[in-house]
Amino acid sequence: MYALELKRLPTPVLAGCFGLAAGAMLVLAAARVSPVMAGLAMCGLLVAIAILFSPTLGLLLTALVIPIERLGRLTSDSNMYTVSLMRIIGLLALGSFLVHAVNRKWKLRFGKPFFIYFAYCGIAIMTVFYTTDPLSTVRSGSAILGNLIFFFLVINVVRSWKLAKAALLVWLLSSVLVGVYTMYDWHFGSAVNVQRIGELQSRFQTVYSDTAEWQQLETLSRAVGPTSAAAVYGINMILTLPFFAFLIRIERDWRIRLVLLFSVLIVMYNIFLSNTRAAILLTIAVLGLCVLWKLVTLTGTRIAAVFLILLVVLAAAPSAIYERVLSPANYTVAGSSTLRSRFSYWDAAITIAEKNWLLGVGLGNQTEVPKYLKDYAPETTSAHNEYLQTLDEVGIVGWMVFLSFVGILLVYGHRAASIYARIRGKQEMYWFMVACQIAMISVLLYAFQADVFHFPLKGWWLVASLTFVMYQRAQADRAELIQAATVEETAS
């Protein structure tokens, strides 16, 4: 539907594209920039023009840059407004789609989830008028609007199972490549101070030195990947596991299965390198759900493969991993200052919610929780619990609207899976929907110990968007099946 068709674009648009390219060449020549920078600029311009011609290409490139996050940022995390490769390509893809939609009179898709999240955005952004942390509110407001735009882009461009699967494959490939880069940096690079994560100068650093539990563990290295926190990197990698399980299940070629298993090995190793206890526990839970929901069927060979993967991961794991995530003592309150601080943050968040239950204290507010901490507290911090943090920020009404958005997508995923389970020849779609449900549930579990939806979690948003797309596709497939059965019954 979204093939590259130059002749359908208006002549002014084509003229503008070629004029832009020519103008850029003249500007670069006049500015006397280096040949390398000029070449990169021209490549970027050509990619932008190609995206304008093909919304499909724009979507796939957007999925490709999802996992790189900080590597593609052009500003520091501390800026009020951040500019990144993800946002640039995403906006180009959106612009391309809108140009084609107007030119070809395509009908736009919205749906209940879009309008519910749109309502949440309205409630959340209004808190800028009374927040005690205006900078964080503006920054978070920009992020949630980006989420809404990304959701709109995916549900409108992806209108077939083939394209949905292509976007999934591109995202997984990029995630694995990011994992390989992080592994290389861990073993052959150097760890940066945790305070420098988020600075533009350190955007290519994927490992940092963590001093959060220096009393027990002194300084430990943790893989942050291209994200801004090890916890974020952990959940980004975990989100891919159900989909690798899905691909392994539907694939019949043993060579491709071998490549997929090797990819799982890379993902698992990176989860361990994140040195995040919650990520280890969630990985176990996700693998358990894959088995429970039969996305992974246990056979002797597969059990052996799982043990082999774990053996390789544990054998290759650096000593820092054994000191933190593989030490049972560090999963107790007495043995972990991080766990103790979590309880303090949650107590503070509950107090804030009791005092500001109706309107909240402002979207993304990072200054309120420290006011209620009895012991030493950082200048800014969150509740480290998505449910409490959202309640604190937007009050009970906004909290319920946001949870309604997440809940309706879970319901849609379940309904789509139920429909495809009953349609012959649609088993691939059924197992995909099972993987989507597991991925979405994993984030909800992770949310109990981290304000996970405040992360730039575009992997989750891709899954959520594809869930809505496949739900609509499932309804259409069921309607076609019913219509065909009715016609056949009438004819007989």
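All residue numbers refer to positions counted from 1 along the written sequence of the respective chain. For a predicted model such as this one, the threshold for reporting local features is a pLDDT of at least 70, and the threshold for listing and counting side-chain atom pairs is 80 or more; totals across whole chains, interfaces and linings nevertheless cover every residue. Each side-chain value is worked out from all heavy atoms of the structure, with water and hydrogens disregarded.

Chemist: I'm lost on the overall build of the protein in this one. Help?
Modeler: A run of H or I in DSSP becomes a helix once it reaches four residues, and a run of E becomes a strand once it reaches two; helices and strands are each numbered from the N terminus. In terms of helices and strands, the protein carries 19 helices and 3 strands. Exposure classes here rest on a 1.4 Å probe applied to the protein chains alone. A residue is buried below 20% of its type maximum, exposed above 50%, and partly exposed in between. Evaluated residue by residue, the protein yields a buried proportion of 50% over its 492 residues.

Chemist: Mind showing me how you'd approach the nonpolar core here?
Modeler: Soluble globular proteins tend to bury their nonpolar side chains together. Buried Ala, Val, Leu, Ile, Met, Phe, Trp, Tyr and Cys residues that are joined via side-chain atoms within 4.5 Å together make up what is termed a nonpolar core. Formed by 119 residues in total, the largest nonpolar core has its most connected members in F243, F432 and W460. Contact criterion: two residues are considered in contact whenever any of their non-hydrogen atoms come within 4.5 Å of each other. Residue contacts for F243: discarding those within four places in its chain leaves L168, W171, L172, F432, A435, C436, A439 and V463. Among the nonpolar cores identified, the runner-up in size contains 6 residues, and Y345, I352, V361 and L373 belong to it.

Chemist: Help me understand the sheet that holds strand β3 (residues 220-223) in this model?
Modeler: By definition, the strands of a sheet pair up through backbone hydrogen bonds, in either a parallel or an antiparallel sense. Pairs of strands are assigned from DSSP output, requiring at least two bridges between the strands. Strand order across the open sheet formed by 3 strands is β1-β2-β3, with mixed pairing between neighbours. The sheet is open, and its two borders are formed by β1 (192-193) and β3, each paired with just one other strand. As defined by bridge partners, strand β2 (residues 207-210) adjoins β3 across 4 bridges and the pair is classed as antiparallel. By the bridge assignment for β3, V207 is matched with A223. Lines are fitted to the C-alpha atoms to define the axes, a helix being fitted only along its stretch in contact, and any angle between axes, read from their N-to-C directions, falls within 0 to 180 degrees. Strands β2 and β3 of the sheet are contacted by helix α7 (residues 161-188), whose axis makes an angle of about 160 degrees with β3.

Chemist: Please clarify how unusual backbone geometry should be interpreted in this entry.
Modeler: A negative phi angle characterises most non-glycine residues, just as the trans form characterises most peptide bonds. The residue K105 is not glycine, and still its phi comes out positive at about 60 degrees. Looking at the element boundaries, K105 is found in the loop between α4 (85-104) and α5 (111-126). With a phi close to 55 degrees, N275 is a non-glycine residue in the positive phi region. In this structure N275 comes out as buried when scored by relative accessible area, which is 0%.

Chemist: I would appreciate a short explanation of the environment of R249 in the present structure.
Modeler: Tracing the chain through its elements places R249 in helix α10 (residues 241-250). Apart from residues lying up to four places away in sequence, R249 is in contact with R257, K294, L295, T297 and W431.

Chemist: So what exactly am I meant to see when it comes to the packing of α7 against helix α18 (residues 427-446) here?
Modeler: The description of two packed helices rests on the angle between their axes and on the distance between the axes. As a packed pair, α7 and α18 sit with axes 12 Å apart at the nearest point and diverge in direction by 45 degrees. One finds that α7 runs oblique with respect to α18. Crossing of α7 against α18: the hand is left-handed. The segment α7 lies against α18, with W161, K165 and L168 engaging E428, M429 and F432. Our angle categories are set so that under 35 degrees counts as roughly parallel, over 145 as roughly antiparallel, 65 to 115 as roughly perpendicular, and the remainder as oblique. Throughout, a crossing is termed right-handed when the near helix is turned clockwise from the far one, and left-handed when it is turned anticlockwise from it by less than a right angle.

Chemist: For this particular structure, what's the right way to read α5?
Modeler: Note that an α-helix has 3.6 residues per turn; residues three or four places apart therefore point the same way. Multiplying 1.5 Å by the residue count of a helix minus one yields the expected span of that helix. Between the first and last C-alpha of α5 there are 23 Å, a value that for 16 residues agrees with the 22 Å anticipated at 1.5 Å per step. Turning to α5, its buried residues are P113, F114, Y117, Y120, C121 and A124. Each buried residue of α5 lies within a common arc of 125 degrees when the element is viewed along its axis, so the set occupies one face. Taken from the helix axis, the directions to the C-beta atoms give the arc we talk about.

Chemist: So what exactly am I meant to see when it comes to empty space enclosed by the protein here?
Modeler: Any empty space left between atoms is shown by rolling a water-sized probe over those atoms. Of the grid points, spaced at 1 Å and generated over the protein atoms alone, those admitting a 1.4 Å probe that cannot get out make up cavities, while open sets with protein on both sides within 12 Å along at least five of seven lines make up pockets; any residue with an atom within 4 Å of a point is treated as lining. Grid points are joined across faces, edges and corners, and a volume is the space filled by probe spheres set on the points. Under the definition given, this model contains 3 cavities of 30 Å³ or more. When its volume is computed, the largest cavity comes out at roughly 100 Å³. I66, P67, W171, S175 and N236 are the residues nearest the centre of the largest cavity, which is lined by 14 residues in total. In terms of residue class, the lining of the largest cavity is built from 9 nonpolar, 3 polar and 2 charged. Nonpolar residues are Ala, Val, Leu, Ile, Met, Phe, Trp, Tyr, Cys and Pro. Charged residues are Asp, Glu, Lys and Arg, and all others, Gly as well, are polar.

Chemist: Quick question: what am I supposed to make of the side chain of Q389 here?
Modeler: Along the chain, the position of Q389 falls in helix α17 (residues 386-421). Its relative accessible area of 2% is what places Q389 among the buried residues. As used in this structure description, the phrase polar contact means that two N or O atoms lie within 3.5 Å; if the pair is within protein, one of them must be able to donate a hydrogen and the other to accept it, and residues adjacent in sequence are counted only when both atoms belong to side chains. A polar atom in the side chain of Q389 sits 3.3 Å from the backbone oxygen of N365. Those residues within four positions of Q389 in sequence are excluded, and the remaining contacts are N365, S382, A383, D451 and H454.

Chemist: When you look at the environment of D451 in this model, what are you seeing that I'm missing?
Modeler: In this structure, D451 sits in the loop between α18 and α19 (458-491). According to the relative accessible area criterion, D451 is buried, its value standing at 8%. A sequence separation of 68 residues divides D451 from A383, and the C-alpha atoms of the two residues are 7.1 Å apart. Leaving out residues up to four positions away in the same chain, D451 has contacts with S382, H384, N385, E386 and Q389. Only 3.2 Å separates the side chain of D451 from the side chain of S382, close enough to count as a polar contact.

Chemist: Explanation requested: the layout of surface pockets in the structure shown.
Modeler: Taken as a whole, the second largest pocket spans an internal volume of roughly 820 Å³. Taken together, 30 residues make up the lining of the second largest pocket; nearest its centre are V264, L287, V296, V306 and I309. Elements with a contribution of two residues or more to the lining of the second largest pocket: α10, α11 (254-273), α12 (277-292) and α13 (300-316). Looking at the lining of the second largest pocket residue by residue, the classes come out as 24 nonpolar, 3 polar and 3 charged.

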